[in-house]
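Coordinate analysis (summary)
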Amino acid sequence: VPCLAAKGRQGMLAAVSEGGVANKAVFAVDRELLQMERLRAELPGLMDQLPAGWDIMLFGIEWGTGSEEVVLFQVPAGGRPQNSKVAGFVANFANAPHMSELRLVLQACIKEGGVD
């Protein structure tokens, strides 16, 4: 799985738009990801746990939980937890069941300072 770090908002938009990346890809959107050795080591195993027909897996940093762990969970309706930020994501551009919606949602979430 390629790991991409597109430079700036325009680079990210080009990567997730139609005609951009066409396979599964890891996007690093926060430099703190470089310090997350445990997450980087466990990411391939987490991807193996995803059910068939997945669209996207976000990974991020959540503070105020009182623990230091790598956990796979579904983001609740309404978005990410309050005390968190997105550090990156894995997009299934190879065969996501909701490909058009996936690309549109990612484009809407890409901001100048990262992904929200």
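The structure under discussion appears in the preceding block.
Scope of this entry: the structure provided in the associated data block. Residue indices begin from 1 for each chain and proceed along its sequence in written order. It should be noted that, the model being predicted, local features are given only for residues of pLDDT at least 70 and side-chain atom pairs only at 80 or more, the latter also being counted only at that level, while totals for whole chains, interfaces and linings use all residues. The side-chain quantities take in all heavy atoms of the structure and omit both hydrogens and water.

If you look at the biggest cluster of nonpolar residues, it comprises 17 residues, and the most contacted ones within it are Phe27, Phe89 and Phe93. Of all the elements in the fold, those that place two or more residues in this core are α1 (8–16), β2 (24–28), β4 (84–92) and α3 (99–109). Each helix corresponds to a stretch of at least 4 residues labelled H or I by DSSP, and each strand to a stretch of at least 2 residues labelled E; elements are numbered beginning at the N terminus. Ranked by residue count, the leading element in this core is α1, at four residues. Filtering out sequence-adjacent residues up to four positions away, Phe93 remains in contact with Ala15, Val16, Val21, Ala22, Asn23, Lys24, Phe27, Met99, Leu102, Arg103 and Leu106. Side-chain atoms within 4.5 Å link the members of a nonpolar core, which is a set of buried Ala, Val, Leu, Ile, Met, Phe, Trp, Tyr and Cys residues. Three labels apply to residues, based on accessible area from a 1.4 Å probe with only protein chains included: buried if under 20% of the type maximum, exposed if over 50%, partly exposed otherwise in between. Note on contacts: a residue pair qualifies if any of its non-hydrogen atoms lie within 4.5 Å across the two residues.

The description of an aromatic ring pair rests on the distance of the ring centres and on the angle between the ring planes. Stacked, edge-to-face and tilted are the three classes for Phe, Tyr and Trp ring pairs, Trp counted by its six-membered ring, which pair at centre distances within 6.5 Å; planes under 30 degrees apart are stacked, over 60 edge-to-face, the rest tilted. Under the counting rule described, the total for this entry stands at two aromatic pairs. On the numbers, 4.6 Å between centres and 15 degrees between planes, the contact of Phe27 with Phe89 is stacked. Remark: Phe89 occurs in strand β4 and Phe27 occurs in strand β2; sequence separation between them is 62 residues. The interplanar angle of 90 degrees and the centroid separation of 6.3 Å between the aromatic rings of Phe27 and Phe93 together place this pair among those described as edge-to-face. With Phe27 in strand β2 and Phe93 in the loop between β4 and α3, this residue pair connects regions lying 66 residues apart in the sequence. Residue classification places Phe27 among the buried residues on the basis of a relative accessible area of 0%. Look at Phe93 and you get buried, because its relative accessible area is 3%. Aromatic ring contacts, followed pair by pair, group Phe27, Phe89 and Phe93 into a single cluster.

A large share of β4 lies buried, amounting to eight of its nine residues. Here, strands pair whenever DSSP counts at least two bridges between them. Note: β2 against β4, five bridges, orientation antiparallel. Bridged to Phe27 within β4 is Phe89. Across seven bridges, the pairing between strand β3 (residues 56–62) and β4 is antiparallel. Note that in β4 the partner of Gly60 across the bridge is Val86.

The subject of this paragraph is the pattern of salt bridges. Criterion for a salt bridge: a side-chain nitrogen of Lys or Arg within 4 Å of a carboxyl oxygen of Asp or Glu. Under the definition given, this model contains four salt bridges. A salt bridge links Glu18 to Arg103; its shortest N-O distance comes to 4.0 Å. With Glu18 in the loop between α1 and β2 and Arg103 in helix α3, the pair connects residues that are 85 residues apart, well separated along the chain. A salt bridge links Asp30 to Lys85, with the shortest nitrogen-to-oxygen separation between them at 3.2 Å. Here Lys85 lies in strand β4 and Asp30 lies in the loop between β2 and α2 (37–49), a separation of 55 residues in the sequence. Residue Lys85 is classed as partly exposed on the basis of its relative accessible area, which comes to 28%.

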